[in-house]
Amino acid sequence: MSNHHWRTWVLIIFVIFAAIFNLSQSDPDSHHFRKKILMKEKVRRMFYHAYDNYMKYAFPHDELKPLTKTFTDSLSELGNLRLEHLPQNYNGSALTLIESLSSLLILGNNTEFERGVSWLSENLSFDVDARVNLFECNIRVLGGLVSAHMLAIDSRNRFSQGTYKNELLILAEDLGRRLLPAFGTPTGLPYAWINLKYGVMANETTETSTSCSGSLILEMGALSRLTGDPQFEDAALRALRKLWSLRSSMNLLGTTVDVVSGKWIEYSSGIGAGVDSFYEYLVKAYILFGKEEYWRMFQSAYVAVQKYFRHGPWYHEADMRTGHATYWQLTSLQAFWPGLQVLVGDIAAANSSHREFVKVWERFGVLPERYLLDHQMLHPTEKYYPLRPELAESTFYLYQATKDPWYLEVGESITDSLNLYTKVDGGFASVRDVSTMVLEDHQHSFFLSETCKYLYLLYDDSFLVDQNYVFTTEGHPLPVLSAWQDRLPEVYTSANYTFIQRRASAMSLQICPAMTSSTSREVDEKHESACHICDTRRDHRCLTDEDCGVDATTCRRRSCSIAGFCGLWLYL
Ligand code: DMJ
C-alpha cells in the first residue's frame, strides 16, 4: 500500500472513531451511564471512608467519633436526650458494624460481610446492663440482624460453603426476647425504654411516641416468621391496633401517648419526628405480609395526612382533635415522605414536595433539622444536620419510579455536599450548625445503613434485580416472600390490571388540604373534599369551564381554554 493510501485509511478510521465518540458524547443515555459509574464510585469511596475509619478507631464500640478518632457507646444514648440511666459497664454492641452489613452486600463485598457476621457470631452478647430505646434498638440492631440473616441465607450463596449456621437469627431471637417485656402494659402499647438484662426498670417513664409503639411490625413480624414463634409479631400487632384505636374522628394521631392509661400526651403531630415511621410501616407491612388490615389503616391515615397536614408541597403539624394547624415547620425527617408516596403511586405529589426539600438543601448545603416555614428562617436551636438519609432516600425512590435523570443530579449534589462539608480525615462528621457548617464529633450509624446505601442504589440498583425488597425505616432490606403473604397484594399480581390501576390511583386521588379561614381559623368544610375531579369528557376537550375537573396536585379548578382544551388553571 502506498503512503498516500495509508494516510487515507488512518484518516477514515480516525473519522469513524471521532464520530462514535461524538455520538456517545451527545447520546443522553450513555452520558447518564457514565455519570452513574462515576457517581457509584464516589459513593463507594464515601461508604468505605466511613466504614474503614469506624473499624479502625471505634469497632467494636457503637459509633465513630470522626474528629477525635475515637468511639462512643451510644446505643443507650439513642433517643435519650437527657442522657438518663447511662450504663457504667457497657462496651458497645458493634452497632455500626451491624448497621453496615446489608450495605456491604449491596456494594458487593461478600468477604467483609462474612467477616462481620463471624465476628458478631462469636462475640456479640445482649446480656448487658444497658437501658435502650425500644424503637432505636428494634430498627437498628434487630432490623440489622434480621435483614443480614435473610440476605445470608438467600439463594445467592453469599457464604463460603456451609459456614453460616443461623448465628444472626439466634442473636436476633435473643434480642427479641429481651425486648418483649416492654409490651407488658395494660394497653399493650410498649414502654419506650427497656434494660436488656433486667427488663423494664422501676419507675420507668410511661410516655412513648407514636413511631416507637407503631413501627415495630416489620422487624418483629419477620422475626416471628423466621423463628416460628408468633409472640414477636403478636406483640407488635397488638400495639399497632391499640394505637390505631386511639385515633381521633379525623383519623389523626398525636405524637406521644401514655402506655398505661392509653391517653394522648402530645396532641399535635405531623409526618416528622415521633410519628414518621408509623405511616411508613403500615404500607410496608402491607407489602411484606399482604394483610389487608394494614392497607386499610394506611389508606385512612394517608388521606388524613393529605387533608390536614398538607399545605401545597409542604406539611405542617396539626392538632389531632381539631385538625387545626399547630406548627409550621419543615423538618429534615419529613423528607422521607415523598419516598413513601412513590410506594403508593402518588408520584406527582411526591415530586412536588421533593423539589421543595431539594431547594432547602441547596440553600443551606445540607438539610437543617428544623426550618420555620412561617418565618422563613432556621429554628433557633435545631440547626444541625446529623448526616440524615431522608432526602437521598426519596431521591432514590423517585428515580426508580420515573427514571428522570434530574434525580441523578440531585444525588450528585447531595454526595458533593457531604464530601465538601462533612468529610474529615477520620470519617464523616455531623453538622452542628448549618449556618456556619461547624461540625460535631459524631458519625451516626444510619449514615452507613441508609445515607450511603440509598445514594449507591441510585447509581447502581443491580442488587434489586431479581428480588423484591421492603426497606425498613433504617434502610435494611427484607425480601418480599410469597410464603409470608396472607394473600399476595393485588398490586403485585398482573392478572387484574384494571384493579391495579384503580388501587394505584386510589392514592393519587389528591385530597384537598383542610382550609382554615384566616380570621377564625376554623375548618372550612367546603374545601374538605377529594380534589382530583376528572374532566367530564375523557379527551380533555371542553366547551365551558364546567367540562373541566379539578387538578390533582394544586387542588385548583381547571378552566377551558379558547382552543377548547382543559388545562389552564383558574386561580380561585
Ligand atoms: C433513622 O434512624 C430512621 O430512618 C428513623 O426512622 C428516623 N430517622 C433516622 C435517620 O434520620
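About the criteria used
Residues numbered from 1 in each chain as written. Predicted model: local features only at pLDDT ≥ 70, side-chain atom pairs only at ≥ 80, totals over all residues. Heavy atoms only, no water. Phe/Tyr/Trp six-rings, centres within 6.5 Å; stacked < 30°, edge-to-face > 60°. Buried < 20%, exposed > 50% of the residue type's maximum accessible area, 1.4 Å probe, protein only. Lys NZ or Arg CZ within 6 Å of the ring centre and 35° of its normal. Helix = DSSP H or I, 4+ residues; strand = E, 2+ residues; numbered from the N terminus. Expected span 1.5 Å × (residues − 1). Axes fitted to C-alpha atoms, helices over the stretch in contact; angles between N-to-C directions. Parallel < 35°, antiparallel > 145°, perpendicular 65-115°, else oblique. Left-handed = near helix turned anticlockwise from the far one by under 90°. Contact = heavy atoms within 4.5 Å. Nonpolar A, V, L, I, M, F, W, Y, C, P; charged D, E, K, R; others polar. Pairing = 2+ DSSP bridges. Near = heavy atom within 4 Å. Polar contact = N/O pair within 3.5 Å; in protein donor to acceptor, adjacent residues only side chain to side chain. Areas by Shrake-Rupley, 256 points an atom, 1.4 Å probe, with all protein chains shown as cover. Salt bridge = Lys/Arg side-chain N within 4 Å of Asp/Glu carboxyl O.

### Re the packing of aromatic side chains
- Under the counting rule described, the total for this entry stands at 26 aromatic pairs.
- Measuring from centroid to centroid gives 5.2 Å for Phe278 and Tyr279, while their planes differ by 70°, and the two rings are edge-to-face. For the pair Phe278 and Tyr279, a shared accessibility class is recorded, and that class is buried.
- Directly above the aromatic system of Tyr267 lies the positively charged group of Arg321, at a separation of 3.6 Å from the ring centroid.
- Here the basic side chain of Arg355 rests over the ring of Trp406, its NZ or CZ set 4.1 Å away from the ring centre.

### Looking at helix α15 (residues 406–422)
- When the terminal C-alpha atoms of α15 are compared, their 24 Å separation across 17 residues agrees well with the 24 Å that a helix rising 1.5 Å per residue should span.
- Buried within α15 are the following residues: Tyr407, Leu408, Val410, Gly411, Glu412, Ile414, Thr415, Ser417, Leu418 and Thr422.

### Focus on the packing of helix α3 (residues 95–106) against helix α16 (residues 446–459)
- Axis separation between α3 and α16 bottoms out at 7 Å; the angle between their running directions is 15°. In terms of axis orientation, α3 runs roughly parallel to α16. Crossing geometry of α3 relative to α16 is assigned as left-handed. From α3, Thr96, Glu99, Ser100, Ser102, Ser103 and Ile106 reach across to α16, where they touch Phe446, Leu448, Ser449, Lys453, Tyr456 and Leu457.
- In terms of residue class, the contact of α3 with α16 is made up of five nonpolar, five polar and two charged.

### With respect to the sheet that holds strand β5 (residues 207–209)
- The three strands lie next to each other as β5-β6-β7, forming an open sheet whose pairing is antiparallel. At either end of the open sheet lies a strand with only one pairing partner, and these are β5 and β7 (264–266). For this sheet, the mean angle separating the axes of adjacent strands, direction not counted, is 35°.
- The pairing of strand β6 (residues 256–258) with β7 spans two bridges and is classified as antiparallel. In the sheet register, Thr256 faces β7, and the bridge partner there is Glu266.

### Remarks on helix α13 (residues 347–364)
- Here α13 spans 26 Å end to end across 18 residues, near enough to the 26 Å set by a 1.5 Å rise per residue.
- Buried within α13 we find Ala349, Ala350, Ser353, His354, Glu356, Phe357, Val358, Val360, Trp361 and Phe364.
- Downstream of α13 by one or two residues, Gly365 has phi in the positive range, about 95°.

### Regarding the sheet that holds strand β12 (residues 329–331)
- The antiparallel open sheet is built from three strands, whose spatial order is β12-β13-β14. Both outer strands of the open sheet, β12 and β14 (377–378), are each paired with one neighbouring strand and no more.
- Where β12 lies against strand β13 (residues 370–372), three bridges are found, and the strand directions are antiparallel. In the strand pairing of β13, Gln329 is matched with Leu372.
- Strand contacts of α13: β12, β13 and β14, with the helix running at about 80° to β12, the strand carrying the most contacts.

### Points about unusual backbone geometry
- In this structure, the amide linkage connecting Phe59 to the following residue, Pro60, adopts the cis form with an omega of 10°.
- Along the chain, the position of Pro60 falls in the loop between α2 (28–57) and β1 (63–65).
- Of note, the phi angle at Asn251 is positive, near 65°, even though the residue is not glycine.
- Relative to the assigned elements, Asn251 resides in the loop between α9 (231–245) and β6.

### Regarding the environment of Gln231
- As for its placement among the helices and strands, Gln231 is situated in helix α9.
- Sequence spacing of Gln231 and Gly176 is 55 residues, and the spatial spacing of their C-alpha atoms is 9.5 Å.

### Details of the side chain of Thr208
- Here Thr208 shows up in strand β5.
- Beyond its immediate sequence surroundings of up to four residues, Thr208 is in contact with Pro190, Ala192, Ser213, Thr255, Thr256, Val257 and Val259.

### Some details on the environment of Ser245
- Here Ser245 is to be found in helix α9.
- Take Ser245: its relative accessible area is 45%, and that puts it in the partly exposed class.

### Notes on the site of the ligand
- As a matter of local geometry, the ligand sits amid Phe135, Ile139, Leu333, Arg388, Pro389, Glu390, Phe446, Glu450, Thr473 and Glu474.
- In this structure, an oxygen atom belonging to the ligand sits 2.7 Å away from a side-chain N or O atom of Arg388.
- Within the side chain of Glu450, one N or O atom sits 3.0 Å away from an oxygen atom of the ligand.
- Bound to the protein, the ligand loses 93% of the 290 Å² it would expose on its own.

### Quick look at the pattern of salt bridges
- The final tally for this structure, using the stated rule, is 26 salt bridges.
- Ionic pairing is found between Arg225 and Glu233, a salt bridge with its closest N-O pair at 2.8 Å.
- Overall, Glu233 belongs to the buried group, its relative accessible area being 10%.
- With a shortest N-O distance of 3.2 Å, Glu356 and Lys359 are connected by a salt bridge. Of this pair, Glu356 and Lys359 are both found in helix α13, three residues apart, which corresponds to roughly one turn of the helix.
- Looking at Glu356, the relative accessible area reads 17%, which means it is buried.
- Put simply, Glu63, Glu136, Arg140 and Glu474 are held in one network by salt bridges that share partners.

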